[in-house]
Structure formats: C-alpha cells, structure tokens
Amino acid sequence: MSALLQEMGERALRLGVPFSAQLDLTYRCNEQCVHCYLDHDDHGEMTTVEIKHLLTEMAEAGVFILTFSGGEIFLRKDFFEILEHARSLTFCIKLKTNAVLIREAQAARLRDLGVESIQISIYSYRHEVHDAITKVKGSLRRSINAIRFLKSQGLKVIMANVLMTENMQDYHGVRALADELGAEYTLDPTITPMMDGDRSVLNLNAGESALRELFRDEMFVGDADEFCAPPPPPDAGSLASLPCSAGHTACYISPYGEFYPCVQFPLSCGNVRQQRFIDIWRDSEQLKEVRSIRLKDLSGCSQCAHGSTCTRCPGLAFMEGNMRGPSTADCEKSFARTGIPSVNLLAKKNKATPPCLVQIQLVPAITGTRLSRGVLSMSVA
Amino acid sequence: MEMNKKMYVARSPRIAARMLGEEMLVMSGHDSTLFTLNPTATILWQAADGATPLDEIVERRICTEFEVKPVDAMRDAEELAENLARHGILLISEQPIGKPDAPAQGRR
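Every value quoted in this text rests on a predicted model; they were computed, and no experiment measured them.

Asks: What should I look at first to understand the overall build of chain A in this one?
Replies: The number of helices and strands found in chain A is 16 helices and 10 strands. Expected size for 381 residues packed as a compact globule is a radius of gyration near 21 Å; at 21 Å, chain A falls within 12% of this value. Dimensions along the principal axes, computed over C-alpha positions, put chain A at roughly 70 × 50 × 40 Å. Across the 381 residues of chain A, 44% fall into the buried class. The long-range fraction of contacts in chain A, counting pairs at least 24 apart against all pairs at least 6 apart in sequence, stands at 71%.

Asks: When you look at helix 6 (residues 139–152) of chain A in this model, what are you seeing that I'm missing?
Replies: Residue pairs three or four apart in sequence face the same way in an α-helix, which turns once every 3.6 residues. Residues and elements named next belong to chain A. Taking 1.5 Å per residue as the helical rise, helix 6 with its 14 residues ought to reach 20 Å, and the 20 Å between its terminal C-alpha atoms agrees with that figure. When we look at burial in helix 6, the residues that qualify are S139, L140, S143, I144, A146, I147 and L150. The buried residues of helix 6 occupy an angular sector of 155° when projected down its axis, which confines them to one face. Residues of helix 6 that are buried in the fold lie against helix 4 (104–112), strand 4 (117–121), helix 5 (127–134), strand 5 (157–162) and helix 7 (171–181).

Asks: Hey, could you run me through the sheet that holds strand 2 (residues 16–20) of chain B in this one?
Replies: To summarise the sheet geometry, strands pair through backbone hydrogen bonds and adopt either a parallel or an antiparallel arrangement. Residues and elements named next belong to chain B. If you walk across this open sheet you meet the three strands as 2-3-4, and the pairing is antiparallel. Each edge of the open sheet carries a strand with a single partner, namely strand 2 and strand 4 (34–37). Within the sheet, the average angular offset between the axes of one strand and its neighbour, ignoring direction, is 20°. Of the pairings in the sheet, the one linking strand 2 to strand 3 (residues 23–27) comprises five bridges and is antiparallel in character. Each residue of the ladder has a partner; that of L20, found in strand 3, is E23.

Asks: How do you make sense of the sheet that holds strand 1 (residues 8–11) of chain B when you look at a structure like this?
Replies: All names here are of chain B. Reading across the sheet, the three strands line up as 5-1-6 and stay open at both edges, with antiparallel pairing between neighbours. Single-partner strands in this sheet number two, and they are strand 5 (49–53) and strand 6 (90–93). Across the sheet, the mean angle from the axis of one strand to that of its neighbour is 25°, orientation sign disregarded. Summarising the sheet, strand 1 and strand 6 pair through four bridges and their orientation is antiparallel.

Asks: Hey, could you run me through the nonpolar core in this one?
Replies: For soluble globular proteins, the rule of thumb is that nonpolar side chains tend to be buried together. All names here are of chain A. Within the largest apolar cluster, 120 residues are counted, with the highest numbers of intra-cluster contacts made by L66, F91 and M159. The element that contributes the greatest number of residues to this core is helix 2 (residues 48–61), accounting for six residues. Beyond its immediate chain neighbours, meaning those up to four positions away, M159 contacts I120, I122, V174, A178, A183 and Y185. Residues L298, C304, A305 and C310 belong to the second largest nonpolar core, which totals six residues.

Asks: Help me understand the interface of chain B and chain A in this model?
Replies: Where interface size is quoted, it is often the accessible area lost as the parts come together. Every contact between the two is made by 19 residues of chain B and, on the other side, 20 residues of chain A. Those elements that place two or more of their residues in the side of chain B that touches chain A are strand 2, strand 3 and strand 4 of chain B. Per-element tally for the side of chain B that touches chain A: the top contributor is strand 2 of chain B, with four residues. Residue composition of the side of chain B that touches chain A, by class: 10 nonpolar, five polar and four charged.

Reading the values: rules and limits
Residues numbered from 1 in each chain as written. Chains lettered and ligands numbered in written order. Predicted model: local features only at pLDDT ≥ 70, side-chain atom pairs only at ≥ 80, totals over all residues. Helix = DSSP H or I, 4+ residues; strand = E, 2+ residues; numbered from the N terminus. Rg over C-alpha atoms; globule rule 2.2 N^0.38 Å. Buried ≥ 20, exposed ≤ 12 C-beta atoms within 10 Å, placed from the backbone. Contact = placed C-beta atoms within 7 Å. Expected span 1.5 Å × (residues − 1). Arc of directions from axis to C-beta. Pairing = 2+ DSSP bridges. Axes fitted to C-alpha atoms, helices over the stretch in contact; angles between N-to-C directions. Core = buried A, V, L, I, M, F, W, Y, C linked by C-beta atoms within 7 Å. Nonpolar A, V, L, I, M, F, W, Y, C, P; charged D, E, K, R; others polar.

Next up, the structure:
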C-alpha cells in the first residue's frame, strides 16, 4: 500500500467515510471450487436498477475503492452496464473473477472503462490440479488465455493463489507462471468457513508443517528469521489499536443487498433494499459494536504474546462464535510462524489434555523487535 | 502554451476521483498513481469541463474565492494543468475538448 493511500485511509477513518467496499454482483458461478464458502443458487439478486441506485448512494457516501466480486461477475448479462455506471461515478474499480469468460473483446472493454486491476484465481500451474479444484476441465487454460488478453491491453492483473492441501506444493510454479505472464502474484493460505456456518471445508486448510515451511520461504516472506521472530509483548498502542478496517473504513454488500462489515464477517447490519447505504453505515447498531472492539477488550488475545503482531480476523472470530474472541486459524498461523502457541491454543490444549496433579507449562521467552506482519495475504509486486 | 492562446482543460475519462474531506483524491488510470488536490486545485479540477477556457475558470472560480492577483493565479493554474496533464489525469488543448469527459465527483 502506498504511503498516500494509507494516509487517505487514516483520514477516511477520522472522517467516518466508507473508503472502500466490496459488492458481490452474484453468487452464481461457472466453477465449483472445492473450498468455496458460497451458496451458488440465486436467491433474488439485486436488479440492474437497484445496483445502479446503490452505486450512486455509495459514491455520495464517499466510497472510492470499489471491488466487484462474486460468484462469477461475468455471468451477469448486465455486468458491463453496471461497470459503465460505476466508472461514470469515478470509482476506482477492482475486479475479482475466474476470467474464463474474458476474451479479446471483454479485455478491450475493461481497458476502455479504466478498470484499475483484475484479480484472477489461479490454484496451480498444473492443469490437472487447478481443474480438479475448480471442477471444470479446461478452466486453467481459459484463465491463462484471459490473462494474456488482459495483459495485451496493458491492464494490471493479479494472480490470487489460495493454498490448501490439494495445491500446497504448487505455489512456486504459480509464482513463476505469474512472472511469465507479467502478472502480479498474491497468495493466501486461509480457507474460510462457508457463510452458512458450515466448517467442513476447513479440512482443506494446509497443515501446520506446510505453513511452517511457507513462512520460512524467503522468496515470499523476505528475511525468514525476522519474519518468524518471537513477537514483542503488546504495548499500549497495540492494545488500543483497531483489529482491521472492516466496518471502520470498509464494508461488503451481498448480491441480495445485505450489508456486512466485510465479506469474511457475516454479521448483517441492514439491507440496502430497505435503507439508504449511508444510514446503515452511520446508524447500524451492529456496526457500532464492531467499531467498539479494541485488542485490550479481547479475552485471551489481550494477554497473548502474539497480541501486537497477530493477524486476528474479527470475522473469523465471529464465525467461531464470538467477535471478541480469538480466530483459531490466525492462532495457528502465529504458531506456525514463531513456534509459540497462543493463549487460545494453550487453552484448547489444556482442555483436551486429561488433568494431572502437577502441570508445568513452558512460557517461551519473549524477545525480538516489533514487526508489522500481514500474513493473511502476502503480495509480491 | 503560447501567450494569448486559449487553454482548454478536461478531466481524463481514465481516472478515479473522490472528495475526501476538503481535498480531492485522484488516481491515474494509466499507472494507478495517487494524487491529492488542495481546495484551489480541486476547484480547477471540478471546473475542467473541456468547454470553459482556463482563463475563465481562473477569473470566475479562483479569483472570486481566493485573494490572489489574476496574473499570479493564471500562472499557477497553467503550471498545475500542465503538471496534471503530464500524469495523464487532465487533458489540455488549444481547442474545446469534447467527450469523453469524466464527471467531477464530489461528496454531498
């Protein structure tokens, strides 16, 4: 993130402006990815008119960065009409897509409309692995063709590589493919529960040893010793800090008009079909509660050695049952990175262990320098 | 630009823009570079419709809002316009500029 963009984000926070938003245009999809958290049936998507009206409200509220995602956005017949309207409102537009429906004509139109970037999900450089995850034969070939069309138009393409048990060994190859195609590369080692709460897909999460190996890979993390250093104890600044931008300067709208703090935070705050966007943003009791959370308020996390550097996701914590509680997926990542168990992991372990008369618990020494870590998603420009 | 020739300015259709507080945030569609415009530059930006000459914008919108000599304001405005044009976020011409023209976004 550029310094200026960060400064603008901080200003938006002070002014109470929803600086960025993700709008999912549909949950329908032409791929059936094994790890997907969505229900792909159409339960009554917003119409073209409703979406255009919403976009006007979002522009008036101050939204600058607008991400269109899904489902597969190109399945909407009115996609370019919506995009054109959004650009007339001078949003900075980012797209998330599998790109299998993008050919020369679509790529040229995206260039003409001034789209900022297109993020495309690529799971492997090997066709059999990628296509097995998407469950669509030929999908990798079509996505790669689309990247070539987009790059030939001079567009910025980001290959997003979600890692799971099926493709954990392939990320070097995907990174090399991105380099070959002139695309940027980002990887994400987190599989999230389905929006209806079903956690069975979490079985696909890469195991601890695979994560440990990833976090020691200097091609992705830079100086591994620094990246994996034990965290410093939380100071007053980190205890008073905000968990993330969800609900503070960012929000998410579903294809049905439901308003959430973030795509990974399924706490409904209202519906834009019944209320104005700005009214939900300013007055929702749920958003006010999300905004009230600070690290010092979190039971367990506020005493945890990882408090100052943890990437704890409040949405994943909410899906675990308590938005003021821990996010175990992030505890596991902190452990894989440093070898130091979080307060939450120790508590879980103690619950699982039969009681004994004498229990000695090793508390690792806390040393090292403070690092800013964002391991939920590591980007390589 | 030569003296006595009109300069017309228009917002590039490839940019993204939004008012944030008192400043305009503009992102170049060419290379995603971000800029912020101060209140004076924002007035010029919002008035850059491709049809109104720069000297009229300065006279009607800048000099009426700020205590500044017209000559100084015009020199600063030309410099700013040329600077923004170099980054591809403003179009400059000696003739009126027709479509495409991006709307001037403001937050109500």
